[in-house]
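# Chains, contacts and geometry: an overview
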Amino acid sequence: MVEEIIKKAENFFEEGKKEIENITDEELLEKWRIKFLGRKSFLNQLCTDIPNLSKEEKIICGSKFNELKKNLIKLYEDHKNKVRKREIKYNLTFPGRRFFTGNLHPITKVIDEIVDIFHRLGFGVAEGPEIETDFYNFTALNTPEEHPARDIWDTFYIDKKNNILLRTHTSPVQVRIMEKYLPPLRIIAPGKCFRRDSFDSSHSPMFHQIEGLMVDKNIKFTHLKGILTYFIYEFFKKEVKLIFSPSYFPFTEPSAELSISCVICSGKGCSTCGNTGFLEILGCGIVHPNVFKNVGYESSEFTGFAFGMGVERLAMLKYGIDDIRHFFYNDIRFLNQF
Ligand code: DAH
């Protein structure tokens, strides 16, 4: 009986010796320690057989166990030093450690998705500066001097004397593109915009818009309706109702706002749509002749439409997000869901 117990204990020791050789980091070494030296180790389990042995056998068995345990401790201590000093070279045949890759921010993803939809309709991507002049942001867009958006309480001016500001919308990109290129034009312009709003569940002083512009001969409101209807269906992948209602923007005439039946409650009425069953999604219209004049286009020859939409709002509706601030907290638990 005693030989058998000792044999088992020795086998256990050999196993420990073999396993420790391959260990290269402290985490695995700790697992080894628990298995071979822990309270519930196989060696300690074997000890429960000792009381059944004769007196001499107990002595033989006990001293053998102590010897093995001491050797295991020595193996452990020696190996721990080596791991600490990184003396052990990694075994290149080991599987790699899994590491976490990041993913694109949900706003970037939604922008990519929208750009992709408009690509299929032949729209190219244009970009403009986030630091703009009063001319591109307002004047060239036919915005009158006394318009409230120009107020210092609505716009971040960087240098008021020299009319340098943070663009309040992506519409100035329209002007920059038209100054540079002649029609026909079909572009969308995604990017950051800034307004002097305090953070709350639906406002952020920095947000994203996507501007759209199409100029050619004979462009009519029906083209605008067709393009936006296609876009809404492709983006939400849902049957939604669209309503174009009259509105005002200085740079379009006529101007409209597009509302869609609420994608959260399917038009029944909920807190997101303020119980109206509809949501305002974007502003749009036929480009004002004064804007064409400001960029040197002949408005007797060309017509065009434009639109502008808020990316955060579209993303919130698509994914059922109830607070715009989630996009900017950088909480990995939120960001990982997209
Ligand atoms: N720039 C407008 C805003 O920020 C949105 C907009 C409305 C853009 C009508 C357009 C347009 O191009 O035609 O509120």
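Look above for the structure.
In short, a report on the structure. (Residues numbered from 1 in each chain as written. Predicted model: local features only at pLDDT ≥ 70, side-chain atom pairs only at ≥ 80, totals over all residues. Heavy atoms only, no water.)

## Description of helix H8 (residues 221-236)
- Compared with the 22 Å implied by 1.5 Å per residue over 16 residues, the 22 Å span of H8 between its first and last C-alpha is a close match.
- Where H8 is concerned, the buried positions are Leu-224, Ile-227, Leu-228, Phe-231, Ile-232, Phe-235 and Phe-236. Within H8, the buried residues cover an arc of 135 degrees as seen down the axis, which keeps them to one side.
- Structurally, H8 contributes buried residues whose contacts are with helix H5 (106-120), strand E7 (242-249), strand E8 (252-261), strand E9 (278-287), strand E10 (303-310) and helix H10 (311-319). (Helix = DSSP H or I, 4+ residues; strand = E, 2+ residues; numbered from the N terminus. Expected span 1.5 Å × (residues − 1). Buried < 20%, exposed > 50% of the residue type's maximum accessible area, 1.4 Å probe, protein only. Arc of directions from axis to C-beta. Contact = heavy atoms within 4.5 Å.)

## Some points on the pattern of salt bridges
- Applying the stated criterion to the full structure yields 18 salt bridges.
- For Glu-77, the salt bridge identified is with Lys-80, shortest N-O distance 3.9 Å. Here Lys-80 and Glu-77 lie together in helix H4 (residues 55-84), a separation of 3 residues that amounts to about one turn.
- Looking at Glu-77, the relative accessible area reads 35%, which means it is partly exposed.
- Taking the shortest distance from any N to any O, the salt bridge between Arg-150 and Asp-134 comes out at 2.8 Å. Of this pair, Arg-150 sits in the loop between helix H6 (134-137) and strand E3 (157-159) while Asp-134 sits in helix H6, and the two are 16 residues apart along the sequence.
- Its relative accessible area of 6% is what places Arg-150 among the buried residues.
- For Asp-134, a relative accessible area of 13% corresponds to the buried category.
- The network of salt bridges with shared partners includes Asp-116, Arg-120, Glu-234 and Lys-237. (Salt bridge = Lys/Arg side-chain N within 4 Å of Asp/Glu carboxyl O.)

## Things to note about the packing of H8 against H10
- Running from N to C, H8 and H10 point in directions that differ by 50 degrees, and their axes come no closer than 10 Å. Taken together, the axes of H8 and H10 are oblique relative to one another. Along its contact with H8, which presents Phe-231, Phe-235 and Phe-236, the element H10 presents Leu-314, Leu-317 and Lys-318.
- By residue class, the composition of the contact of H8 with H10 is 5 nonpolar, no polar and 1 charged. (Axes fitted to C-alpha atoms, helices over the stretch in contact; angles between N-to-C directions. Parallel < 35°, antiparallel > 145°, perpendicular 65-115°, else oblique. Nonpolar A, V, L, I, M, F, W, Y, C, P; charged D, E, K, R; others polar.)

## Observations regarding the site of the ligand
- Lining the immediate environment of the ligand, one finds 15 residues, of which His-169, Ser-171, Arg-195, Gln-209 and Glu-211 sit closest.
- Within the side chain of Glu-211, a nitrogen or oxygen atom sits 2.6 Å from an oxygen atom of the ligand.
- At 3.2 Å from an oxygen atom of the ligand is found a main-chain nitrogen or oxygen belonging to Ala-306.
- About the coverage of the ligand: the protein hides 89% of its 360 Å² of free accessible area.
- Mapped by element, the contributors of at least two residues to the shell around the ligand are strand E6 (206-216), E9 and E10.
- Across the shell around the ligand, the residue classes break down as 5 nonpolar, 8 polar and 2 charged. (Near = heavy atom within 4 Å. Polar contact = N/O pair within 3.5 Å; in protein donor to acceptor, adjacent residues only side chain to side chain. Areas by Shrake-Rupley, 256 points an atom, 1.4 Å probe, with all protein chains shown as cover.)

## Some words on the sheet that holds E6
- Taken in spatial order, the 7 strands of this open sheet run E1-E5-E6-E10-E9-E8-E7, and their pairing is mixed. Two strands lie at the open edges of the sheet, namely strand E1 (124-125) and E7, each paired on one side alone.
- Sheet analysis places E9 next to E10, joined by 5 bridges and oriented antiparallel. Each residue of the ladder has a partner; that of Ile-286, found in E10, is Phe-305.
- Sitting on the sheet, H8 is in contact with E7, E8, E9 and E10, with an inclination near 145 degrees to E9.
- Along the sheet, H10 makes contact with E6, E9 and E10, crossing E10 at roughly 60 degrees. (Pairing = 2+ DSSP bridges.)

## A look at the nonpolar core
- Judged by nonpolar contacts, the single largest core of 47 residues is most densely connected at Ile-114, Phe-118, Phe-231, Phe-236, Phe-305, Phe-307 and Met-309.
- Elements with a minimum of two residues in this core: H5, E6, H8, E8, E9, E10, H10 and helix H12 (332-335).
- Beyond its immediate sequence surroundings of up to four residues, Phe-307 is in contact with Phe-118, Ile-188, Ile-210, Glu-211, Gly-212, Leu-224, Leu-228, Leu-282, Gly-283 and Cys-284. (Core = buried A, V, L, I, M, F, W, Y, C linked by side-chain atoms within 4.5 Å.)

## Here's the deal with the packing of aromatic side chains
- Within the structure shown, the criterion is met by 20 aromatic pairs.
- When the ring of Phe-199 is compared with that of Phe-328, the centres are 6.1 Å apart and the planes differ by 55 degrees; the resulting orientation is tilted. Taken together, the positions of Phe-199 in the loop between strand E5 (185-194) and E6 and Phe-328 in helix H11 (residues 326-329) put the pair 129 residues apart, joining distant regions of the chain.
- For Phe-199, a relative accessible area of 44% corresponds to the partly exposed category.
- Classification of Phe-328 by relative accessible area gives partly exposed; the value is 24%.
- Ring plane angle 80 degrees and centroid distance 6.1 Å describe the contact between Phe-221 and Phe-244, whose orientation is recorded as edge-to-face. Here Phe-244 lies in strand E7 and Phe-221 lies in helix H8, a separation of 23 residues in the sequence.
- An aromatic cluster is present here, built from Phe-118, Phe-123, Phe-231, Phe-235, Phe-236, Phe-305 and Phe-307 joined pairwise through their rings.
- For Lys-160, the ring lying beneath its charged end belongs to Tyr-157, and the centroid distance is 4.2 Å.
- Over the ring of Phe-235 we find Lys-318, and its NZ or CZ is 4.5 Å from the ring centre. (Phe/Tyr/Trp six-rings, centres within 6.5 Å; stacked < 30°, edge-to-face > 60°. Lys NZ or Arg CZ within 6 Å of the ring centre and 35° of its normal.)

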